[in-house]
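Notes for the structure review
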Amino acid sequence: MAQWTSAVGAAQLARLLNSQQDRPAGPGTRRPPAYRALADGIRLLVLEGRVPVAARLPAERELALSLSVSRTTVAAAYEALRAEGFLESRRGAGSWTAVPAGNPLPARGLEPLPPEALGSMIDLGCAALPAPEPWLTRAVQGALEELPPYAHTHGDYPAGLPALRSMIAERYTARGIPTMPEQIMVTTGAMGAIDAICHLFAGRGERIAVESPSYANILQLMREAGARLVPVAMAEGLTGWDMDRWRQVLRDAAPRMAYVVADFHNPTGALADDDQRRRLVEAARSAGTVLVVDETMSELHLDEDLEMPRRVCAFDPAGSTVITVGSASKAFWAGLRIGWVRAAPDVIRSLVAARAYADLGTPVLEQLAVNWLFSTGGWEQAVGLRRDQGRENRDALVAALRRELPTWEFEVPKGGLTLWVRAGGLSGSRLAEVGERVGVRVPSGPRFGVDGAFEGYVRLPFTVGGAVAEEAAARLAGAVRLVESGSGGGETPRTFVA
(Lines give C-alpha, C1' and ligand atoms only; values in the text may rest on other atoms or scores of the structure.)
Protein backbone atom coordinates (compact mmCIF):
# COMPACT_ATOMS: atom_id res chain seq x y z
CA MET A 1 0.00 0.00 0.00
CA ALA A 2 1.36 3.44 -0.97
CA GLN A 3 2.45 5.72 1.89
CA TRP A 4 1.60 8.96 0.08
CA THR A 5 -1.74 10.74 0.39
CA SER A 6 -1.41 13.40 -2.34
CA ALA A 7 0.77 14.09 -5.36
CA VAL A 8 2.73 17.06 -6.71
CA GLY A 9 3.13 17.28 -10.47
CA ALA A 10 6.46 18.00 -12.13
CA ALA A 11 5.30 21.32 -13.60
CA GLN A 12 3.86 22.48 -10.27
CA LEU A 13 7.00 21.54 -8.34
CA ALA A 14 9.21 23.22 -10.93
CA ARG A 15 7.15 26.41 -10.65
CA LEU A 16 7.48 26.44 -6.86
CA LEU A 17 11.22 25.81 -7.06
CA ASN A 18 11.79 28.46 -9.70
CA SER A 19 10.04 31.06 -7.52
CA GLN A 20 12.89 30.55 -5.01
CA GLN A 21 15.72 30.56 -7.52
CA ASP A 22 14.62 33.68 -9.38
CA ARG A 23 15.65 35.86 -6.43
CA PRO A 24 19.20 37.26 -6.58
CA ALA A 25 21.70 35.73 -4.19
CA GLY A 26 23.02 37.80 -1.32
CA PRO A 27 26.56 39.19 -1.42
CA GLY A 28 29.22 36.62 -0.61
CA THR A 29 26.82 33.67 -0.94
CA ARG A 30 28.52 30.41 -1.90
CA ARG A 31 26.52 28.68 -4.60
CA PRO A 32 25.98 25.01 -3.71
CA PRO A 33 26.12 22.19 -6.27
CA ALA A 34 23.00 21.87 -8.41
CA TYR A 35 21.77 18.73 -6.64
CA ARG A 36 22.25 20.40 -3.22
CA ALA A 37 20.34 23.52 -4.30
CA LEU A 38 17.50 21.33 -5.57
CA ALA A 39 17.40 19.29 -2.34
CA ASP A 40 17.42 22.48 -0.25
CA GLY A 41 14.61 23.94 -2.33
CA ILE A 42 12.37 20.90 -1.89
CA ARG A 43 13.20 20.73 1.82
CA LEU A 44 12.18 24.38 2.28
CA LEU A 45 8.92 23.78 0.43
CA VAL A 46 8.14 20.93 2.82
CA LEU A 47 9.09 22.98 5.89
CA GLU A 48 6.97 25.87 4.64
CA GLY A 49 4.00 23.55 4.15
CA ARG A 50 3.72 24.54 0.48
CA VAL A 51 4.43 20.93 -0.46
CA PRO A 52 2.48 18.74 1.97
CA VAL A 53 4.02 15.95 4.01
CA ALA A 54 3.24 12.53 2.45
CA ALA A 55 2.98 14.06 -1.03
CA ARG A 56 4.25 11.88 -3.87
CA LEU A 57 7.00 13.67 -5.81
CA PRO A 58 7.41 13.39 -9.59
CA ALA A 59 9.59 10.69 -11.07
CA GLU A 60 13.23 11.70 -11.55
CA ARG A 61 12.97 11.86 -15.33
CA GLU A 62 9.79 13.99 -15.28
CA LEU A 63 11.22 16.54 -12.84
CA ALA A 64 14.52 16.69 -14.73
CA LEU A 65 12.65 17.60 -17.93
CA SER A 66 10.57 20.28 -16.17
CA LEU A 67 13.66 21.84 -14.56
CA SER A 68 15.94 21.42 -17.60
CA VAL A 69 18.56 19.61 -15.51
CA SER A 70 20.06 16.16 -15.77
CA ARG A 71 18.36 13.14 -14.28
CA THR A 72 21.54 12.56 -12.29
CA THR A 73 21.02 15.92 -10.53
CA VAL A 74 17.48 14.98 -9.53
CA ALA A 75 18.53 11.52 -8.40
CA ALA A 76 21.30 12.97 -6.21
CA ALA A 77 18.88 15.52 -4.70
CA TYR A 78 16.35 12.81 -3.88
CA GLU A 79 19.09 10.70 -2.29
CA ALA A 80 20.20 13.67 -0.14
CA LEU A 81 16.61 14.23 1.00
CA ARG A 82 16.26 10.56 1.90
CA ALA A 83 19.44 10.72 3.95
CA GLU A 84 18.11 13.78 5.85
CA GLY A 85 14.71 12.23 6.51
CA PHE A 86 12.72 14.50 4.19
CA LEU A 87 11.94 11.81 1.61
CA GLU A 88 10.90 8.18 1.76
CA SER A 89 10.77 5.75 -1.16
CA ARG A 90 9.63 2.27 -1.98
CA ARG A 91 10.00 0.33 -5.18
CA GLY A 92 6.77 0.44 -7.12
CA ALA A 93 5.27 3.18 -4.94
CA GLY A 94 7.60 6.07 -5.78
CA SER A 95 8.97 8.72 -3.41
CA TRP A 96 7.02 10.90 -1.04
CA THR A 97 7.83 13.79 1.31
CA ALA A 98 8.39 13.29 5.04
CA VAL A 99 9.80 15.11 8.06
CA PRO A 100 12.65 13.78 10.22
CA ALA A 101 11.87 12.28 13.60
CA GLY A 102 11.45 14.99 16.24
CA ASN A 103 10.26 17.68 13.82
CA PRO A 104 6.64 18.75 14.24
CA LEU A 105 4.54 18.50 11.09
CA PRO A 106 4.49 21.88 9.33
CA ALA A 107 1.26 23.81 8.96
CA ARG A 108 0.52 26.26 6.20
CA GLY A 109 -1.07 28.96 8.31
CA LEU A 110 0.37 31.25 10.94
CA GLU A 111 -0.10 29.51 14.25
CA PRO A 112 0.78 31.06 17.63
CA LEU A 113 4.07 30.01 19.15
CA PRO A 114 3.62 27.36 21.90
CA PRO A 115 3.89 28.92 25.39
CA GLU A 116 6.87 26.74 26.32
CA ALA A 117 8.92 28.34 23.52
CA LEU A 118 8.25 31.95 24.49
CA GLY A 119 11.25 32.19 26.81
CA SER A 120 13.86 31.59 24.12
CA MET A 121 12.11 32.68 20.92
CA ILE A 122 10.99 36.15 19.82
CA ASP A 123 7.70 35.49 18.07
CA LEU A 124 7.11 37.69 15.02
CA GLY A 125 4.84 35.13 13.42
CA CYS A 126 1.52 36.02 15.01
CA ALA A 127 0.16 39.55 14.39
CA ALA A 128 -1.62 39.88 17.74
CA LEU A 129 -0.99 41.90 20.89
CA PRO A 130 -1.64 41.10 24.57
CA ALA A 131 -5.02 42.11 25.97
CA PRO A 132 -5.50 45.83 26.76
CA GLU A 133 -6.04 45.61 30.49
CA PRO A 134 -7.91 46.50 32.59
CA TRP A 135 -10.57 46.44 29.89
CA LEU A 136 -10.60 42.70 29.30
CA THR A 137 -11.13 42.00 33.00
CA ARG A 138 -13.81 44.67 33.27
CA ALA A 139 -15.60 43.33 30.20
CA VAL A 140 -15.65 39.78 31.56
CA GLN A 141 -16.88 40.99 34.94
CA GLY A 142 -19.62 43.00 33.22
CA ALA A 143 -20.56 39.94 31.14
CA LEU A 144 -20.86 37.79 34.25
CA GLU A 145 -23.30 40.29 35.75
CA GLU A 146 -25.45 40.08 32.60
CA LEU A 147 -25.25 36.30 32.30
CA PRO A 148 -27.98 35.02 34.71
CA PRO A 149 -31.01 35.65 32.43
CA TYR A 150 -29.27 33.83 29.57
CA ALA A 151 -28.38 30.90 31.82
CA HIS A 152 -32.10 30.08 32.04
CA THR A 153 -32.28 29.58 28.24
CA HIS A 154 -30.87 26.90 25.94
CA GLY A 155 -27.91 29.20 25.15
CA ASP A 156 -27.95 28.59 21.39
CA TYR A 157 -28.21 31.79 19.36
CA PRO A 158 -27.22 30.92 15.76
CA ALA A 159 -27.49 34.54 14.61
CA GLY A 160 -25.93 35.94 17.78
CA LEU A 161 -27.34 37.55 20.91
CA PRO A 162 -30.06 40.03 19.92
CA ALA A 163 -28.49 42.73 22.11
CA LEU A 164 -25.10 42.42 20.40
CA ARG A 165 -26.62 42.27 16.90
CA SER A 166 -28.47 45.49 17.64
CA MET A 167 -25.35 47.14 19.04
CA ILE A 168 -23.24 46.25 15.99
CA ALA A 169 -26.01 47.49 13.68
CA GLU A 170 -26.16 50.78 15.60
CA ARG A 171 -22.39 51.22 15.20
CA TYR A 172 -22.64 50.90 11.42
CA THR A 173 -25.62 53.27 11.36
CA ALA A 174 -23.66 55.83 13.40
CA ARG A 175 -20.98 55.74 10.66
CA GLY A 176 -23.55 56.71 8.04
CA ILE A 177 -24.36 53.16 6.88
CA PRO A 178 -27.98 52.41 7.87
CA THR A 179 -28.07 48.86 9.20
CA MET A 180 -30.76 46.69 10.82
CA PRO A 181 -30.06 43.89 13.32
CA GLU A 182 -31.40 41.50 10.66
CA GLN A 183 -28.29 42.35 8.61
CA ILE A 184 -25.89 41.11 11.31
CA MET A 185 -24.74 37.61 12.25
CA VAL A 186 -22.30 37.13 15.13
CA THR A 187 -19.60 34.52 14.44
CA THR A 188 -16.70 32.80 16.17
CA GLY A 189 -14.06 35.25 15.00
CA ALA A 190 -13.48 36.59 11.49
CA MET A 191 -12.17 33.19 10.37
CA GLY A 192 -15.49 31.61 11.31
CA ALA A 193 -17.30 34.32 9.36
CA ILE A 194 -15.26 33.89 6.19
CA ASP A 195 -15.44 30.10 6.41
CA ALA A 196 -19.24 30.31 6.51
CA ILE A 197 -19.31 32.76 3.59
CA CYS A 198 -17.03 30.56 1.49
CA HIS A 199 -19.22 27.53 2.05
CA LEU A 200 -22.30 29.51 1.03
CA PHE A 201 -20.95 31.27 -2.05
CA ALA A 202 -17.85 29.44 -3.25
CA GLY A 203 -18.13 25.69 -3.30
CA ARG A 204 -15.42 23.30 -4.42
CA GLY A 205 -13.96 24.34 -7.75
CA GLU A 206 -15.36 27.90 -7.67
CA ARG A 207 -13.04 30.82 -8.42
CA ILE A 208 -12.21 33.33 -5.67
CA ALA A 209 -10.25 36.47 -6.55
CA VAL A 210 -7.76 37.43 -3.84
CA GLU A 211 -5.22 40.19 -3.39
CA SER A 212 -1.66 39.14 -4.06
CA PRO A 213 -0.25 39.05 -1.41
CA SER A 214 -3.07 38.34 1.02
CA TYR A 215 -3.65 37.00 4.55
CA ALA A 216 -2.06 33.54 4.77
CA ASN A 217 -4.65 31.87 7.00
CA ILE A 218 -7.54 32.95 4.77
CA LEU A 219 -5.73 31.70 1.66
CA GLN A 220 -5.24 28.32 3.30
CA LEU A 221 -8.87 28.21 4.45
CA MET A 222 -9.97 28.77 0.85
CA ARG A 223 -7.55 26.16 -0.51
CA GLU A 224 -8.85 23.56 1.90
CA ALA A 225 -12.41 24.42 0.87
CA GLY A 226 -11.42 23.48 -2.68
CA ALA A 227 -11.57 26.99 -4.14
CA ARG A 228 -9.56 28.02 -7.20
CA LEU A 229 -7.66 31.13 -6.14
CA VAL A 230 -7.23 33.90 -8.71
CA PRO A 231 -4.48 36.30 -7.54
CA VAL A 232 -4.72 40.03 -8.29
CA ALA A 233 -1.44 41.90 -7.78
CA MET A 234 -1.46 44.81 -5.35
CA ALA A 235 -0.24 48.21 -6.49
CA GLU A 236 3.29 49.18 -5.49
CA GLY A 237 3.91 50.43 -1.97
CA LEU A 238 1.00 51.51 0.18
CA THR A 239 -1.26 52.85 -2.57
CA GLY A 240 -3.81 50.04 -2.31
CA TRP A 241 -5.37 48.24 -5.22
CA ASP A 242 -4.43 48.26 -8.89
CA MET A 243 -7.89 48.91 -10.29
CA ASP A 244 -6.99 48.10 -13.90
CA ARG A 245 -5.95 44.61 -12.81
CA TRP A 246 -9.04 44.16 -10.68
CA ARG A 247 -11.38 45.14 -13.52
CA GLN A 248 -9.61 42.77 -15.89
CA VAL A 249 -9.70 39.81 -13.50
CA LEU A 250 -13.34 40.34 -12.54
CA ARG A 251 -14.30 40.67 -16.21
CA ASP A 252 -12.23 37.79 -17.60
CA ALA A 253 -12.25 35.23 -14.77
CA ALA A 254 -15.77 36.03 -13.49
CA PRO A 255 -14.99 34.76 -9.97
CA ARG A 256 -17.95 33.83 -7.81
CA MET A 257 -16.39 35.70 -4.90
CA ALA A 258 -13.58 38.15 -4.14
CA TYR A 259 -11.84 38.66 -0.80
CA VAL A 260 -10.14 41.97 0.04
CA VAL A 261 -8.66 43.80 3.05
CA ALA A 262 -9.20 47.49 2.32
CA ASP A 263 -8.11 48.88 5.69
CA PHE A 264 -4.40 48.41 6.51
CA HIS A 265 -4.07 45.39 4.32
CA ASN A 266 -2.50 42.26 5.78
CA PRO A 267 0.42 41.90 5.06
CA THR A 268 1.33 45.12 3.18
CA GLY A 269 -0.39 47.72 5.39
CA ALA A 270 -1.90 49.45 2.33
CA LEU A 271 -5.02 51.59 2.75
CA ALA A 272 -7.44 51.78 -0.20
CA ASP A 273 -8.88 55.25 -0.84
CA ASP A 274 -12.51 56.22 -1.43
CA ASP A 275 -12.21 56.15 -5.21
CA GLN A 276 -10.66 52.68 -5.25
CA ARG A 277 -13.43 51.38 -2.99
CA ARG A 278 -16.18 52.83 -5.13
CA ARG A 279 -14.65 51.51 -8.35
CA LEU A 280 -14.09 48.03 -6.94
CA VAL A 281 -17.71 47.78 -5.79
CA GLU A 282 -18.87 48.88 -9.24
CA ALA A 283 -16.61 46.35 -10.97
CA ALA A 284 -17.77 43.52 -8.68
CA ARG A 285 -21.42 44.42 -9.24
CA SER A 286 -20.94 44.43 -13.02
CA ALA A 287 -19.22 41.02 -12.91
CA GLY A 288 -21.79 39.46 -10.56
CA THR A 289 -19.05 38.82 -7.99
CA VAL A 290 -19.76 38.78 -4.25
CA LEU A 291 -17.23 41.14 -2.65
CA VAL A 292 -16.18 40.02 0.86
CA VAL A 293 -14.47 42.85 2.73
CA ASP A 294 -12.36 42.07 5.80
CA GLU A 295 -12.49 45.02 8.23
CA THR A 296 -10.59 43.43 11.12
CA MET A 297 -7.84 46.09 10.96
CA SER A 298 -10.12 49.08 10.29
CA GLU A 299 -9.90 50.63 13.76
CA LEU A 300 -6.13 50.33 14.05
CA HIS A 301 -5.21 53.67 12.47
CA LEU A 302 -1.96 54.65 14.18
CA ASP A 303 -1.22 58.11 12.76
CA GLU A 304 -3.37 60.69 14.52
CA ASP A 305 -3.66 62.99 11.49
CA LEU A 306 -5.00 60.21 9.23
CA GLU A 307 -8.48 60.74 7.80
CA MET A 308 -10.02 57.32 7.22
CA PRO A 309 -11.93 56.62 4.00
CA ARG A 310 -15.55 55.46 4.03
CA ARG A 311 -16.32 51.81 4.68
CA VAL A 312 -16.58 49.76 1.49
CA CYS A 313 -20.19 48.81 2.23
CA ALA A 314 -21.09 52.52 2.12
CA PHE A 315 -20.70 52.27 -1.68
CA ASP A 316 -23.26 49.44 -1.84
CA PRO A 317 -26.37 50.90 -0.21
CA ALA A 318 -28.64 48.14 -1.53
CA GLY A 319 -26.39 45.47 -0.01
CA SER A 320 -26.47 43.36 -3.15
CA THR A 321 -22.71 43.11 -3.68
CA VAL A 322 -20.70 43.69 -0.48
CA ILE A 323 -20.48 41.38 2.52
CA THR A 324 -18.53 42.89 5.42
CA VAL A 325 -16.62 40.93 8.06
CA GLY A 326 -15.57 42.51 11.36
CA SER A 327 -13.91 41.20 14.49
CA ALA A 328 -12.82 42.05 18.02
CA SER A 329 -9.69 39.92 17.70
CA LYS A 330 -7.24 42.37 16.11
CA ALA A 331 -8.49 45.65 17.54
CA PHE A 332 -9.02 44.29 21.05
CA TRP A 333 -7.61 40.80 21.80
CA ALA A 334 -7.17 37.62 19.77
CA GLY A 335 -8.42 35.53 22.72
CA LEU A 336 -11.85 37.14 22.44
CA ARG A 337 -13.15 35.11 19.50
CA ILE A 338 -16.03 37.34 18.42
CA GLY A 339 -16.59 38.30 14.79
CA TRP A 340 -19.57 39.39 12.75
CA VAL A 341 -20.97 39.56 9.24
CA ARG A 342 -22.92 42.49 7.80
CA ALA A 343 -24.89 41.59 4.68
CA ALA A 344 -28.34 41.72 3.14
CA PRO A 345 -31.02 40.07 5.33
CA ASP A 346 -31.51 37.17 2.91
CA VAL A 347 -27.78 36.40 3.00
CA ILE A 348 -27.80 36.48 6.79
CA ARG A 349 -30.75 34.08 6.87
CA SER A 350 -28.90 31.66 4.59
CA LEU A 351 -25.75 31.85 6.72
CA VAL A 352 -27.73 31.27 9.91
CA ALA A 353 -29.58 28.29 8.39
CA ALA A 354 -26.29 26.70 7.32
CA ARG A 355 -24.84 27.17 10.79
CA ALA A 356 -27.00 24.37 12.15
CA TYR A 357 -24.53 21.98 10.51
CA ALA A 358 -21.39 23.82 11.68
CA ASP A 359 -20.90 25.32 15.15
CA LEU A 360 -24.52 26.20 16.10
CA GLY A 361 -23.50 29.52 17.62
CA THR A 362 -20.93 31.70 19.35
CA PRO A 363 -20.20 31.50 23.12
CA VAL A 364 -22.67 33.64 25.06
CA LEU A 365 -20.23 34.95 27.68
CA GLU A 366 -17.83 36.33 25.08
CA GLN A 367 -20.68 38.00 23.23
CA LEU A 368 -21.79 39.65 26.45
CA ALA A 369 -18.24 40.88 27.06
CA VAL A 370 -18.06 42.55 23.65
CA ASN A 371 -21.54 44.01 24.11
CA TRP A 372 -20.41 45.46 27.47
CA LEU A 373 -17.41 47.09 25.78
CA PHE A 374 -19.56 48.59 23.02
CA SER A 375 -22.31 49.86 25.34
CA THR A 376 -20.11 51.42 28.05
CA GLY A 377 -17.49 53.20 25.97
CA GLY A 378 -14.87 50.69 27.10
CA TRP A 379 -14.24 49.67 23.49
CA GLU A 380 -13.10 53.14 22.45
CA GLN A 381 -10.78 53.46 25.43
CA ALA A 382 -9.31 49.98 24.96
CA VAL A 383 -8.76 50.53 21.23
CA GLY A 384 -7.10 53.86 22.06
CA LEU A 385 -4.61 51.97 24.23
CA ARG A 386 -4.11 49.46 21.43
CA ARG A 387 -3.32 52.25 18.94
CA ASP A 388 -0.79 53.81 21.30
CA GLN A 389 0.93 50.45 21.78
CA GLY A 390 0.89 49.67 18.07
CA ARG A 391 2.37 53.07 17.21
CA GLU A 392 5.19 52.69 19.76
CA ASN A 393 5.96 49.15 18.61
CA ARG A 394 5.90 50.14 14.95
CA ASP A 395 8.29 53.03 15.46
CA ALA A 396 10.68 50.92 17.57
CA LEU A 397 10.73 48.08 15.04
CA VAL A 398 11.26 50.41 12.09
CA ALA A 399 14.16 52.19 13.82
CA ALA A 400 15.80 48.87 14.76
CA LEU A 401 15.46 47.45 11.23
CA ARG A 402 16.90 50.56 9.62
CA ARG A 403 19.88 50.37 11.95
CA GLU A 404 20.56 46.61 11.78
CA LEU A 405 19.40 45.85 8.22
CA PRO A 406 19.77 49.00 6.12
CA THR A 407 19.44 47.13 2.79
CA TRP A 408 15.96 45.83 3.62
CA GLU A 409 13.19 47.79 1.87
CA PHE A 410 9.76 48.67 3.23
CA GLU A 411 7.24 51.47 3.51
CA VAL A 412 5.86 52.39 6.92
CA PRO A 413 2.06 51.93 7.03
CA LYS A 414 -0.20 54.41 8.78
CA GLY A 415 -2.04 51.68 10.63
CA GLY A 416 -2.63 47.99 11.08
CA LEU A 417 -0.18 45.55 12.64
CA THR A 418 2.17 44.45 9.87
CA LEU A 419 5.27 45.52 7.95
CA TRP A 420 5.89 43.95 4.51
CA VAL A 421 9.64 43.80 3.95
CA ARG A 422 11.76 43.04 0.88
CA ALA A 423 14.69 41.16 2.41
CA GLY A 424 17.63 42.53 0.42
CA GLY A 425 17.51 39.88 -2.32
CA LEU A 426 17.55 36.95 0.11
CA SER A 427 15.10 34.06 0.25
CA GLY A 428 12.36 34.72 2.79
CA SER A 429 11.95 30.96 3.26
CA ARG A 430 15.62 30.53 4.17
CA LEU A 431 15.51 33.51 6.51
CA ALA A 432 12.48 32.03 8.27
CA GLU A 433 14.23 28.69 8.60
CA VAL A 434 17.53 30.10 9.88
CA GLY A 435 15.69 32.59 12.09
CA GLU A 436 14.28 29.66 14.06
CA ARG A 437 17.82 28.60 14.90
CA VAL A 438 18.92 32.05 16.11
CA GLY A 439 15.78 32.66 18.18
CA VAL A 440 13.45 34.80 16.05
CA ARG A 441 10.36 33.48 14.32
CA VAL A 442 9.16 35.20 11.14
CA PRO A 443 6.77 34.10 8.40
CA SER A 444 8.20 34.15 4.88
CA GLY A 445 6.60 35.89 1.95
CA PRO A 446 5.35 32.80 0.08
CA ARG A 447 2.85 32.11 2.84
CA PHE A 448 0.99 35.22 1.69
CA GLY A 449 1.07 34.43 -2.02
CA VAL A 450 -0.43 31.96 -4.44
CA ASP A 451 1.81 29.26 -5.89
CA GLY A 452 5.21 30.36 -4.63
CA ALA A 453 5.09 34.13 -5.06
CA PHE A 454 6.97 36.61 -2.81
CA GLU A 455 9.99 34.47 -2.02
CA GLY A 456 12.05 37.63 -1.41
CA TYR A 457 9.79 38.96 1.39
CA VAL A 458 9.06 38.49 5.08
CA ARG A 459 6.21 39.88 7.17
CA LEU A 460 7.06 41.55 10.48
CA PRO A 461 4.21 42.50 12.87
CA PHE A 462 4.20 45.33 15.43
CA THR A 463 3.91 42.94 18.36
CA VAL A 464 7.13 43.79 20.20
CA GLY A 465 8.70 47.09 21.15
CA GLY A 466 11.60 48.65 23.00
CA ALA A 467 14.55 46.40 23.77
CA VAL A 468 12.73 43.33 22.41
CA ALA A 469 12.30 44.98 19.00
CA GLU A 470 16.00 45.84 18.99
CA GLU A 471 16.93 42.26 19.89
CA ALA A 472 14.59 40.89 17.21
CA ALA A 473 16.29 43.04 14.55
CA ALA A 474 19.71 41.96 15.81
CA ARG A 475 18.74 38.29 15.57
CA LEU A 476 17.38 38.83 12.07
CA ALA A 477 20.69 40.43 11.13
CA GLY A 478 22.41 37.32 12.50
CA ALA A 479 20.16 35.12 10.36
CA VAL A 480 21.06 37.22 7.32
CA ARG A 481 24.77 36.72 7.96
CA LEU A 482 24.29 32.95 8.18
CA VAL A 483 22.30 32.84 4.95
CA GLU A 484 24.78 35.06 3.10
CA SER A 485 27.74 32.98 4.30
CA GLY A 486 26.13 29.80 3.06
CA SER A 487 26.13 28.18 6.48
CA GLY A 488 22.38 28.57 6.86
CA GLY A 489 21.29 26.91 3.66
CA GLY A 490 22.10 23.24 3.92
CA GLU A 491 21.47 22.21 7.52
CA THR A 492 18.31 20.79 8.97
CA PRO A 493 16.85 23.14 11.62
CA ARG A 494 16.55 21.74 15.13
CA THR A 495 12.90 22.70 15.41
CA PHE A 496 10.21 23.98 13.11
CA VAL A 497 7.08 25.88 14.10
CA ALA A 498 4.74 26.94 11.31
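Here's a quick rundown of the structure.

**Here we look at the overall build of the protein**
For the protein, the helix and strand inventory stands at 16 helices and 15 strands. Considering the protein as a whole, with its 498 residues, one finds that 56% of them fall into the buried category. Of the contacts formed within the protein by residues at least 6 apart in sequence, a portion of 76% connects residues at least 24 apart. Split by element, the accessible area of the protein, about 20400 Å² in all, is 52% carbon and sulfur.

**A look at the packing of aromatic side chains**
When we look at a pair of aromatic rings, we describe it by the centre distance and by the angle of the planes. Per the stated rule, a full pass over the model turns up 8 aromatic pairs. Here the aromatic rings of Phe 332 and Trp 379 are separated by 6.0 Å at their centres, their planes lie at 15°, and the arrangement is stacked. Taken together, the residues Phe 332 in the loop between β11 (322-327) and β12 (339-342) and Trp 379 in helix α14 (residues 378-404) connect sequence positions 47 residues apart. Exposure remark for Phe 332: the relative accessible area of 0% places this residue in the buried category. Relative to Tyr 457, the ring of Phe 454 has its centre 5.9 Å away and its plane inclined at 80°; by these criteria the two rings are edge-to-face. Side by side, Phe 454 and Tyr 457 carry an identical accessibility label, which is buried. Members of the aromatic cluster, connected to one another through ring pairs, are Phe 332, Trp 340, Phe 374 and Trp 379. Cation over ring: Arg 138 sits above Trp 135, and NZ or CZ is 4.7 Å from the ring centre. A cation over an aromatic ring shows up here: Arg 342 above the ring of Tyr 172, its NZ or CZ 5.8 Å from the ring centre.

**Description of the packing of helix α15 (residues 428-438) against helix α16 (residues 466-485)**
Contact geometry of α15 with α16 gives a least axis separation of 9 Å together with a crossing angle of 120°. The crossing of α15 and α16 is right-handed. Between α15 and α16, the contacting residues are Arg 430, Leu 431, Val 434, Gly 435 and Val 438 on the first element and Arg 475, Ala 479, Val 480, Leu 482 and Val 483 on the second. Within the contact of α15 with α16, the residues separate by chemical class into 7 nonpolar, 1 polar and 2 charged.

**Examining the pairing of strand β4 (residues 94-97)**
The sheet contact formed by strand β3 (residues 87-90) and β4 spans 4 bridges and is antiparallel. The residue of β4 that forms the bridge with Arg 90 is Gly 94. What sits between β3 and β4 in their antiparallel hairpin is a turn of 3 residues, with Gly 92 showing a positive phi close to 90°.

**Regarding the sheet that holds β11**
Ordered by their spatial adjacency, 7 strands build an open sheet running β6-β12-β11-β10-β9-β7-β8, and the pairing between neighbours is mixed. Unpaired on one side and paired on the other, β6 (184-187) and β8 (228-233) mark the two borders of the sheet. Put simply, the sheet's adjacent strands are angled 20° from each other on average, direction ignored. Relative to β8, strand β7 (residues 207-212) is paired through 6 bridges, and the arrangement is parallel. Bridging from a neighbouring strand, Ser 212 pairs with Ala 233 of β8.

**Concerning the pattern of salt bridges**
Counted under the stated rule, the structure contains 26 salt bridges. A salt bridge links Arg 277 to Asp 263; the shortest N-O distance between them is 2.7 Å. Of this pair, Arg 277 sits in helix α11 (residues 274-287) while Asp 263 sits in the loop between β9 (257-260) and α11; the two residues are 14 residues apart in sequence, bridging distant segments of the chain. Residues Arg 277 and Asp 263 agree in their burial class; the two are buried. Of the charged contacts in the structure, one is a salt bridge between Arg 278 and Asp 275, with a shortest N-O distance of 2.3 Å. Of the two residues, Arg 278 and Asp 275 both sit in helix α11, 3 residues apart, roughly one turn of that helix. Arg 278 sits in the partly exposed class, given a relative accessible area of 32%. Asp 275 gets classed as partly exposed once you look at its relative accessible area, which sits at 32%.

**Some details on the nonpolar core**
Core analysis: the biggest nonpolar cluster contains 55 residues, and Trp 241, Trp 246 and Leu 291 have the highest contact counts within it. It is helix α13 (residues 364-376) that contributes the most residues to this core, 6 residues altogether. Apart from the residues within four sequence positions on either side, Trp 241 is in contact with Glu 211, Met 234, Ala 235, Trp 246, Val 260, Ala 262, Ala 272, Gln 276, Arg 277 and Leu 280. Core analysis: the second largest hydrophobic core is formed by 31 residues, Val 442, Ala 469, Ala 472 and Val 480 among them.

**So, unusual backbone geometry**
Residue Pro 134 is reached from Glu 133 by a cis peptide bond, and omega for that bond is 10°. Within the secondary structure layout, Pro 134 lies in the loop between β5 (122-123) and α5 (135-146). The step from Ser 212 to Pro 213 runs through a cis peptide bond, and the omega angle for that step is 10°. You can see Pro 213 is positioned in the loop between β7 and α9 (216-224). Residues other than glycine seldom take positive phi values, yet Ala 254 does so here, at roughly 45°. In this fold, Ala 254 is placed in the loop between α10 (243-253) and β9. Among the residues examined, Ala 254 registers a relative accessible area of 47% and is labelled partly exposed. A positive phi angle, close to 55°, is found at Phe 264, a residue other than glycine. Within the secondary structure layout, Phe 264 lies in the loop between β9 and α11. On the basis of relative accessible area, Phe 264 is assigned to the buried category, the value being 1%.

**Quick look at the pairing of β9**
Burial along β9 is two-sided: the residues Met 257 and Tyr 259 and Ala 258 and Val 260 are all buried. Note: β7 against β9, 3 bridges, orientation parallel. Bridged to Ala 209 within β9 is Ala 258. Alignment of β9 against strand β10 (residues 290-294), held across 4 bridges, turns out to be parallel.

**Digging into the environment of Asn 18**
By the element assignment, Asn 18 lies in helix α1 (residues 10-21). Linking Asn 18 and Leu 67, residues 49 residues apart in sequence, is a C-alpha distance of 8.4 Å.

Cut-off values and rules
- Residues numbered from 1 in each chain as written.
- Predicted model: local features only at pLDDT ≥ 70, side-chain atom pairs only at ≥ 80, totals over all residues.
- Heavy atoms only, no water.
- Helix = DSSP H or I, 4+ residues; strand = E, 2+ residues; numbered from the N terminus.
- Buried < 20%, exposed > 50% of the residue type's maximum accessible area, 1.4 Å probe, protein only.
- Contact = heavy atoms within 4.5 Å.
- Areas by Shrake-Rupley, 256 points an atom, 1.4 Å probe, with all protein chains shown as cover.
- Phe/Tyr/Trp six-rings, centres within 6.5 Å; stacked < 30°, edge-to-face > 60°.
- Lys NZ or Arg CZ within 6 Å of the ring centre and 35° of its normal.
- Axes fitted to C-alpha atoms, helices over the stretch in contact; angles between N-to-C directions.
- Left-handed = near helix turned anticlockwise from the far one by under 90°.
- Nonpolar A, V, L, I, M, F, W, Y, C, P; charged D, E, K, R; others polar.
- Pairing = 2+ DSSP bridges.
- Salt bridge = Lys/Arg side-chain N within 4 Å of Asp/Glu carboxyl O.
- Core = buried A, V, L, I, M, F, W, Y, C linked by side-chain atoms within 4.5 Å.

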